[in-house]
Amino acid sequence: MTGANHSMTYVGLDVSLAETHVCVLREDGKAVFQGAIPSEPASIVECLNQHAPNCQRVAVETGATTPWLWRELRHRDVPVICVDARHASQALSMRRNKTDRNDAEGLAELMRIGWYKEANVRTPEAQFIRSMLSARYQMRLSRRDLLNQMRGIVKTFGLITGSTGTLRFPKMVEDVIAEHPAVAPMLKPLLDAHDALSEQIRVYDDQLKDTAARNEHALRIMTIPGVSYLVALGFMSTIDDPKRFSSSAKVGPYLGLAPRTRQSGESSYSAGIGHTPSRMVRSYLYQAATVLLTRSAKWSRLKAWGLRIHKRAGFKRAAIAVARKLAIIMHSIWVDGTEFEYGAPTKTAA
């Protein structure tokens, strides 16, 4: 169907790398246009000008190309809304057949009835830092896989019978290669790849340290014991805009650090921690909580609180609770312009 329509319209865009499926709905729910166009901002704007000149809302789901497309369409005065993909999938899954055409129609319907949850789109600066952190994180995972592969080889051939879980393990592999040249074809390429990854990780570390040192908010957040430049930058790039949370207490559940509850009839139980927009940042917060509880020598009210939970409920629950509290404190420091307060020890704060 083609042709301009001057009543209010609502648009759904199902975006892929090559093409975007477009659906335009009128107020009464009738489709006035459905079709596929190139996934380029200029093509999308041209299509909207032709088939939806009075569009009220245009929906795109969160995805890899969404930040760029959202910014380009906003720059062209398109009333585009980024819809949380998890929320949209609940509505789109009701359709019998999942196709790009049907998904576009479903997104347009969500815009028409107003049943959607708008997702935050990161600024280019936050996206840049997050991409750098993600690249570093993936390199560390790859390096860990290489270390595990080398451990398997030296154990299989009985070359190292003691502990291999030390920071000196790469040097131990070098010694094995020197003493047993026959295994060099197996171990040397892995060791070289490990060393190359370690060097590139150090490059990322230097860039991220410099970025944190030039950011006043990151420096204040790093006054919290256990919070490094990685934790501070990871947290800030995930939250992006601290003002989108009306309360600091909402940050913990957003990062998946609060227990979920499942209730039906007379049964109710905890279903563990919830969904997180970034497993990397949640793991960083958990590590920061671990450092605070086990390595931080200076007393603080936060550490004393966490140790009481540790004594009562175990270390993992305590670490999750402290990680959630860290997220709340980091958000408060970011918003208020303050620094971490250790507090004064009391007789009951052991």
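Structure first, text after, so check above.
So, here is what we can say about the structure in this document. (Residues numbered from 1 in each chain as written. Predicted model: local features only at pLDDT ≥ 70, side-chain atom pairs only at ≥ 80, totals over all residues. Heavy atoms only, no water.)

**Overview of the nonpolar core**
Within the largest apolar cluster, 43 residues are counted, with the highest numbers of intra-cluster contacts made by F235, L285, L326 and M330. Within the residue set of this core, elements represented by two or more residues are α5 (124-156), α7 (184-213), α8 (216-221), α9 (229-239), α11 (279-294), α12 (301-313) and α13 (315-336). In terms of residue count, α13 provides more of this core than any other element does, 11 residues in total. Not counting residues up to four positions away in its chain, the partners in contact with F235 are V251, L255, V281, A327, M330, H331 and W334. With 23 residues, the next largest nonpolar core counts V78, V80, C82 and V121 among its residues. (Core = buried A, V, L, I, M, F, W, Y, C linked by side-chain atoms within 4.5 Å. Buried < 20%, exposed > 50% of the residue type's maximum accessible area, 1.4 Å probe, protein only. Helix = DSSP H or I, 4+ residues; strand = E, 2+ residues; numbered from the N terminus. Contact = heavy atoms within 4.5 Å.)

**Observations regarding α13**
Counted at 1.5 Å a residue, the expected span for α13 with its 22 residues is 32 Å, and the 31 Å between its end C-alpha atoms agrees. Just beyond α13, the residue with positive phi is G337, at close to 75°. (Expected span 1.5 Å × (residues − 1).)

**A few points about the sheet that holds strand β2 (residues 19-26)**
The strand order across the open sheet formed by five strands is β3-β2-β1-β4-β5, and the pairing between neighbours is mixed. Lying at the two open borders of the sheet, with one neighbouring strand each, are β3 (31-38) and β5 (80-83). Sheet twist, expressed as the mean angle between neighbouring strand axes with direction ignored, is 20°. Pairing of strand β1 (residues 9-15) with β2 involves seven bridges; the strand directions are antiparallel. Counted as the bridge partner of G12 is C23 from β2. (Pairing = 2+ DSSP bridges. Axes fitted to C-alpha atoms, helices over the stretch in contact; angles between N-to-C directions.)

**Thoughts on the pattern of salt bridges**
All told, the structure shown has nine salt bridges when counted by the stated rule. Between D205 and R136 there is a salt bridge, and its shortest N-O distance comes to 2.5 Å. You can see D205 sitting in helix α7 and its partner R136 sitting in helix α5, a full 69 residues away along the chain. A single burial state applies to D205 and to R136, both of which are buried. (Salt bridge = Lys/Arg side-chain N within 4 Å of Asp/Glu carboxyl O.)

**Description of the packing of aromatic side chains**
Following the criterion strictly, the structure yields four aromatic pairs and no others. Judged by centre distance (5.0 Å) and plane angle (85°), the ring pair of F340 and Y342 falls under edge-to-face. Sitting over the ring of Y342, K298 keeps its end group 4.1 Å from the ring centre. (Phe/Tyr/Trp six-rings, centres within 6.5 Å; stacked < 30°, edge-to-face > 60°. Lys NZ or Arg CZ within 6 Å of the ring centre and 35° of its normal.)

**Some points on the pairing of strand β4 (residues 55-61)**
Across five bridges, the pairing between β1 and β4 is parallel. Residue pairing in the sheet places L13 in a bridge with V60 of β4. In the sheet, β4 pairs with β5 via four bridges, with the strands oriented parallel. Each residue of the ladder has a partner; that of V58, found in β5, is V80.

**A look at the packing of α11 against α13**
Axis angle and axis distance: for two packed helices, these are the angle between their axes and the distance between the axes, and together they describe the pair. At a minimum axis distance of 8 Å, the contact between α11 and α13 shows a crossing angle of 110°. Compared by their axis directions, α11 and α13 come out roughly perpendicular. For the pair α11 and α13, contact is made by L285, Y286, A288, A289, T290, L292, L293 and T294 and by F315, K316, A318, A319, I320, V322, A323, L326, A327 and M330, respectively. (Parallel < 35°, antiparallel > 145°, perpendicular 65-115°, else oblique.)

**Focus on the side chain of R282**
Its location among the elements puts R282 in helix α11. The buried charged residue R282 lacks any salt bridge, with D84 as its nearest oppositely charged partner at 14 Å. Beyond its immediate sequence surroundings of up to four residues, R282 is in contact with L255, G256, L257, I273, G274 and T276. (Lys, Arg positive; Asp, Glu negative; His and termini not counted.)

**A look at the environment of Q200**
Relative to the helices and strands, Q200 resides in helix α7. Spatially, the C-alpha atom of Q200 lies 8.3 Å from that of M139, the residues being 61 residues apart in sequence.

**Some points on unusual backbone geometry**
With a phi angle near 65°, D77 is a residue other than glycine that sits in the positive phi range. Positionally, D77 belongs in the loop between α2 (66-75) and β5. When its relative accessible area of 71% is taken as the criterion, D77 is described as exposed.

**Describing the state of the cysteines**
Scanning all chains against the criterion turns up zero disulfides. Considering cysteine sulfurs only, C55 is the nearest to C47, which forms no disulfide, with 10 Å between them. Overall, C47 belongs to the buried group, its relative accessible area being 6%. Left without a disulfide partner, C82 is nearest to the cysteine sulfur of C55, which lies 16 Å away. (Disulfide = S-S within 2.5 Å.)

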